[in-house]
Amino acid sequence: MSGRPCSWLFRVTLAAAALLRPEQRALPLAVRPAARSRFPVPGFLGALKMEMTEMTGVSLKRGSLAVEDNDSLTPAEEAKRQKVSEGWLTKGQDGIENNSPPSCENVPGLPEVVSAGKSKRNSDAQLQEEEEEEEDGLSEEGEEEEEAESFADMMKHGLTELDVGITKFVSSHQGFSGILKERYSDFVVHEIGKDGRISHLDDLSIPVDEEDPSEDLFTVLTAEEKQRLEELQLFKNKETSVAIEVVEDTKEKRTVIHQAIKSLFPGLETKTEDREGKKYIVAYHAAGKKALASKYVNPRKHSWPKSRGSYCHFVLYKENKDTMDAINVLSKYLRVKPNIFSYMGTKDKRAITVQEIAVLKITAQRLAHLNKCLMNFKLGNFSYQKNPLKLGELQGNHFTVVLRNITGTDNQVEQAMNSLKEIGFINYYGMQRFGTTAVPTYQVGRAILQNSWAEVMDLILKPRSGAEKGYLVKCREEWAKTKDPAAALRKLPVKRCVEGQLLRGLSKYGMKNIVSAFGIIPRNNRLMYIHSYQSYVWNNMVSKRIEEYGLTPVPGDLVLKGATATYIEEEDVNNYSIHDVVMPLPGFDVIYPKHKISDAYREMLTADNLDIDNMRHKIRDYSLSGAYRKIIIRPQNVSWEVVAYDDPKIPLFNTDVDNLEGKPPPVFASEGKYRALKMDFSLPPSTYATMAIREVLKMDTSIKNQTQLNTTWLR
């Protein structure tokens, strides 16, 4: 086929782009031409009219789904959260959408490794230099070495929902297809704070504060002067000071220059000097290099008014950036450490998200100035508070989702959405929990729990089929051939990933100390493996529970009274609904149901050579206390409408920024070439919007299933 693809194929290719790796999605989805894709796929993940396929009791619909959820909580967040929450109950559990340990393969479902000021220390100077070179973007070899294998062939080794225990639906309506994220702006997330208020960006004004410096602070220094000052601040040159001539010398002008340097370049002091009849402001380091402590410095404590709260809270609106990436960008522009920022939960990249952020001793004025510098960011709703934000304090997230080009009738849509509103969906862990390559993360987690460290090493490093970059394939091949960690590590231009970190650990500690080598991987990433195994067990058990007993409570089920799990007795069954029932993630601090599902837990763990009665590990980090999770989640604030449209590129609702700019809301015709389902709903933390959408569409959300079904249909 030559020229522009036909309209359905063009939309299919756009949907496919949502599942490509970030380097393959350089252009926005709505304008990315099909020819830019590396994969010779005529079209998949489209809104195709396909028949229902029955597969081992699972209803699968041939169609498209390319979805991302946007409440990402790390294990550290959940350590700060109560064990019991509305969505599920956590103790040492993470509930992020993209929560597979970061691999060198930057494919959907695997988060990138982002440092928040807590990078792993390494005494090996050469490895440190390699990391610094990598951070500076100097290691780019291997980027163009990928083979042009079709995406469908690459993903044939991936997981399906069936592989991870996702097999049941709660509703009886007939499924239909639709495209999610034809544009990333079709998926918008607004954080719900601890007070139940939904975060919106609706005010860009700066709080009035007489102690704020004048606006001249941001313009008094030239670009060249700022560059010299930054190099001085970061010890990037041999200069011990930078002198700035005061043109049009007045006391007021000198004061502004002093304030600008101290505010914009923390760590520098200033003084005024006379040189040959001219006034100069001289910037210098008040302390030695050791005082800098790192690439960035903390804000100056003595420059902050005592009457003002120490933290500036603001609402961050961002497009196509995850939370940690956004904070790293903000900290770079503000020249501060990323760890002075705090937030209640992380949000994923491929969406528009709105959330509250707090930062230590940075003025609203400085933050607002970033609105002039940054693309795809907007900061507003500023206020000064005494305290930072705490991880896990949010009540959840409100989603606005558009499914384009739907095939369902109005009656089908009505049935599906009413079921979602009244019954809800099974609270499965979504596919992102388990990775996207041929080695599922739960297999690594199982090996850790079994204390099978040689298997852990093998699963992470061995050659595998599926979506792999060329340099990673070569790294694995080198490892399989030589078992030399240093030689395999040299094949990796990107070393701050699980494979690179493990190889670095093996180089440092030797092949006989895999436990210590594995320990070089950041703790949160190591725990993701065992949490993936817990999630795998939970998904399978909840499917068995629903198959065995349906959607009604039965004697022996578990419910929560406060933070304590108790059994439903026969005489109390009518006092509970299915929305009260919880099931445990396996661990040493949980109880199991008193019916057939208890035996199923025991059988599954026994088959995996694990003792359900002894979930403590000799390495404390890997001891599983367990937790409880509700089996059915009923979304709140559910609303929907079906709209007709002709142009697939037009937005179908206004964002907060659109409203701030006074853009009128879109007007829809009574008829159009396409139909879209716009849905709004709120979910508690650590639940997966993908699973809610799965229940509406009745579709397998795995990449593997979507590519295989659509490729088969196209043959």
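What counts and what doesn't
Residues numbered from 1 in each chain as written. Predicted model: local features only at pLDDT ≥ 70, side-chain atom pairs only at ≥ 80, totals over all residues. Heavy atoms only, no water. Helix = DSSP H or I, 4+ residues; strand = E, 2+ residues; numbered from the N terminus. Expected span 1.5 Å × (residues − 1). Buried < 20%, exposed > 50% of the residue type's maximum accessible area, 1.4 Å probe, protein only. Arc of directions from axis to C-beta. Contact = heavy atoms within 4.5 Å. Salt bridge = Lys/Arg side-chain N within 4 Å of Asp/Glu carboxyl O. Pairing = 2+ DSSP bridges. Phe/Tyr/Trp six-rings, centres within 6.5 Å; stacked < 30°, edge-to-face > 60°.

Caption draft 1: Seen up close, helix H18 (residues 596–607). The end-to-end C-alpha distance of H18 is 17 Å, a good match for the 16 Å that 12 residues give at a rise of 1.5 Å each. Residues of H18 that are buried include every one of Ile597, Ala600, Tyr601, Met604 and Leu605, and no others. Taken end-on, H18 shows its buried residues confined to a sector of 125°, consistent with a single buried face. When the buried face of H18 is taken as reference, the exposed residues oriented beyond 90 degrees from it are Lys596, Glu603 and Ala607. Elements that come into contact with the buried residues of H18 comprise helix H17 (523–549) and strand E16 (581–585).

Caption draft 2: Focus on the pattern of salt bridges. The full count for this structure, using the stated rule, is 20 salt bridges. Taking the shortest distance from any N to any O, the salt bridge between Asp621 and Arg523 comes out at 3.2 Å. With Asp621 in the loop between H18 and strand E17 (627–630) and Arg523 in helix H17, the pair connects residues that are 98 residues apart, well separated along the chain. On the basis of relative accessibility, which here comes to 28%, the residue Asp621 falls in the partly exposed class. When its relative accessible area of 41% is taken as the criterion, Arg523 is described as partly exposed. One salt bridge connects Asp613 with Arg602, and the closest N-O pair in it is separated by 3.0 Å. With Asp613 in the loop between H18 and E17 and Arg602 in helix H18, this pair connects stretches of sequence that are 11 residues apart. Several salt bridges converge on common partners, so that one network encompasses Lys271, Glu273 and Arg275.

Caption draft 3: Summary view of the pairing of E16. Where burial is concerned, most of E16 is hidden: 5 out of the 5 residues are buried. Note that strand E14 (residues 558–561) and E16 share 2 bridges and pair antiparallel. Paired with Val559 across the strands is Val581, a residue of E16. Looking at chain direction, E16 and E17 are connected through 4 bridges and run antiparallel.

Caption draft 4: Region of interest: the packing of aromatic side chains. Enumeration over the complete set of coordinates arrives at 14 aromatic pairs. Relative to Phe681, the ring of Phe399 has its centre 5.4 Å away and its plane inclined at 25°; by these criteria the two rings are stacked. With Phe399 in strand E12 (residues 396–404) and Phe681 in strand E20 (residues 674–683), the pair connects residues that are 282 residues apart, well separated along the chain. Pair check on accessibility: Phe399 and Phe681 agree, each one buried. Note on Tyr533 and Tyr536: the rings are 6.3 Å apart at their centroids and 40° apart in plane angle, and the pair reads as tilted. With Tyr533 and Tyr536 both in helix H17 and 3 residues apart, this pair spans about one turn of that helix. For Tyr536, a relative accessible area of 14% gives the class buried.

Caption draft 5: How the structure looks around unusual backbone geometry. Even without glycine at this site, Asn320 takes up a positive phi of about 60°. Its location among the elements puts Asn320 in the loop between strand E8 (311–319) and helix H8 (323–334). Here Asn320 falls in the partly exposed class, since its relative accessible area comes to 26%. Of note in this structure, Asn637 is not a glycine but carries a positive phi near 55°.

Caption draft 6: Region of the structure containing the pairing of strand E7 (residues 278–285). Two strands pair when backbone bridges link them, and strand E5 (residues 241–245) and E7 are joined in this way by 5 bridges, in the antiparallel orientation. For Val242, the partnering residue across the bridge sits in E7 and is Ala283. Where strand E6 (residues 268–275) folds back onto E7 in an antiparallel hairpin, the turn is made up of 2 residues, including Glu276, whose phi is positive at roughly 55°.

Caption draft 7: Structural context of the environment of Ile632. Inspection of the secondary structure assignment puts Ile632 in strand E18 (residues 632–633). Its relative accessible area of 2% is what places Ile632 among the buried residues. Apart from the residues lying within four places of it in its own chain, the contact partners of Ile632 are Val170, Ile423, Phe425, Ile426, Asn427, Ile546, Leu551, Ile578 and His579.

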